Amino acid sequence: MAMAWIWTGMVVVSVVFGLYNGTTGAVGAAAMEGAGAAVELCLSMAGIMCLWNGVMAVMKASGMMDGLSRLFRPVLCRLLPRACRDPDTLAALSGNVSANLLGLGNAATPLGIRAAGRMARGSGGRATDELCTLVVLNTASIQLLPTTVAGVRGALGAESAFDILPAVWLASVLSVTAGLLAAKALGKIWRN
């Protein structure tokens, strides 16, 4: 709801300044140009997202996704010991982290929501430390293949959409590390 107010405010301010400066024609032209560019970007992104969702479906059907999930279970059990007691929650967590690792945030979201819902049971409406850790893992996820960012770069004409990999790897590892350290430290401080 807040974003609706922000966007409405931006449009109103633009129209008011356009009227004040006598440039309403330029404001209207810019609005139409922006809308056209947005539709063009969405259509090009749709193809890229279909490709990577297809890759995800093939990985799931071939068992690669389950193997990747099994690889993360020991780490997740150390980070989220209570959540790992439930096999369904652990499966959702593992799938979520695996999808985020592959840069498929749209595929990871339903798994993260399922894991968060299961983790929130019995917490009385309060976010537990483990639930906060899950939010950090989802927000700052480590990505080996930033498919969405590469898709946007490709759609906007980048010569090599994946040339950002080293920077993405470094930034995502640092952000996850900082987020997990902050979550653990704040969890200890908040309890005291």
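That block above? That's the structure.
Residues numbered from 1 in each chain as written. Predicted model: local features only at pLDDT ≥ 70, side-chain atom pairs only at ≥ 80, totals over all residues. Heavy atoms only, no water.

Caption draft 1: View of the overall build of the protein chain. Counting its regular elements, the protein chain contains eight helices and zero strands. In sequence order, the secondary structure elements of the protein chain are arranged as α-α-α-α-α-α-α-α. Each of the three principal axes of the protein chain carries a C-alpha extent, and together these read 65 × 45 × 30 Å. For the protein chain, contacts bridging at least 24 residues in sequence account for 64% of all contacts bridging at least 6. Here the protein chain has roughly 12000 Å² of accessible surface; of this, 71% comes from carbon and sulfur atoms. (Helix = DSSP H or I, 4+ residues; strand = E, 2+ residues; numbered from the N terminus. Contact = heavy atoms within 4.5 Å. Areas by Shrake-Rupley, 256 points an atom, 1.4 Å probe, with all protein chains shown as cover.)

Caption draft 2: Just helix 4 (residues 87–101), in detail. Its 15 residues place the ends of helix 4 21 Å apart at the C-alpha level, agreeing with the 21 Å of an ideal helix rising 1.5 Å per residue. Of all 15 residues that make up helix 4, twelve are buried, and the element is covered over most of its length. Thr-89, Leu-90, Ala-92, Leu-93, Ser-94, Gly-95, Asn-96, Val-97, Ser-98, Ala-99, Asn-100 and Leu-101 are the residues of helix 4 that are buried. Within two residues after helix 4, Gly-103 carries a phi angle of roughly 75 degrees, on the positive side. (Expected span 1.5 Å × (residues − 1). Buried < 20%, exposed > 50% of the residue type's maximum accessible area, 1.4 Å probe, protein only.)

Caption draft 3: Spatial organisation of the environment of Ser-98. Positionally, Ser-98 belongs in helix 4. Using a relative accessible area of 0% as the deciding quantity, one classes Ser-98 as buried. Between the C-alpha atoms of Ser-98 and Pro-146, which are 48 residues apart in sequence, the distance is 13 Å. In contact with Ser-98, not counting residues within four places along its chain, are Met-65, Leu-68, Ser-69 and Phe-72.

Caption draft 4: Main features of the pattern of salt bridges. Overall, the coordinates contain three salt bridges when judged by the stated rule. Note that Asp-86 is salt-bridged to Arg-118, the shortest N-O span being 2.6 Å. Remark: Arg-118 occurs in helix 5 (residues 105–120) and Asp-86 occurs in the loop between helix 3 (64–79) and helix 4; sequence separation between them is 32 residues. A residue is classified by how much of its surface remains accessible, and Asp-86, at 24% relative accessible area, is partly exposed. For Arg-118, a relative accessible area of 22% gives the class partly exposed. Measuring nitrogen to oxygen at the nearest pair gives 3.6 Å for the salt bridge that ties Arg-118 to Asp-88. Within this pair, whereas Arg-118 is found in helix 5, its partner Asp-88 is found in helix 4, the two being separated by 30 residues in sequence. (Salt bridge = Lys/Arg side-chain N within 4 Å of Asp/Glu carboxyl O.)

Caption draft 5: Here's a closer look at the packing of helix 4 against helix 6 (residues 129–139). At a closest axis distance of 10 Å, the pairing of helix 4 and helix 6 adopts a crossing angle of 25 degrees. When the axis of helix 4 is compared with that of helix 6, the two are roughly parallel. In this structure, helix 4 contributes Leu-93, Asn-96 and Asn-100 to the contact, and helix 6 contributes Leu-134, Leu-137 and Asn-138. In terms of residue class, the contact of helix 4 with helix 6 is made up of three nonpolar, three polar and no charged. (Axes fitted to C-alpha atoms, helices over the stretch in contact; angles between N-to-C directions. Parallel < 35°, antiparallel > 145°, perpendicular 65-115°, else oblique. Nonpolar A, V, L, I, M, F, W, Y, C, P; charged D, E, K, R; others polar.)

Caption draft 6: A look at the nonpolar core. Core analysis: the largest hydrophobic core is formed by 25 residues, its most contacted members being Leu-76, Leu-80, Leu-93, Met-119 and Leu-137. Looking at this core, the elements with two or more residues in it are helix 3, helix 4, helix 5, helix 6 and helix 8 (165–191). Here this core takes five residues from helix 4, the largest share from any one element. Among all residues touching Leu-93, those that are not within four sequence positions of it are Leu-76, Leu-80, Ala-83, Ala-115, Met-119 and Leu-134. (Core = buried A, V, L, I, M, F, W, Y, C linked by side-chain atoms within 4.5 Å.)

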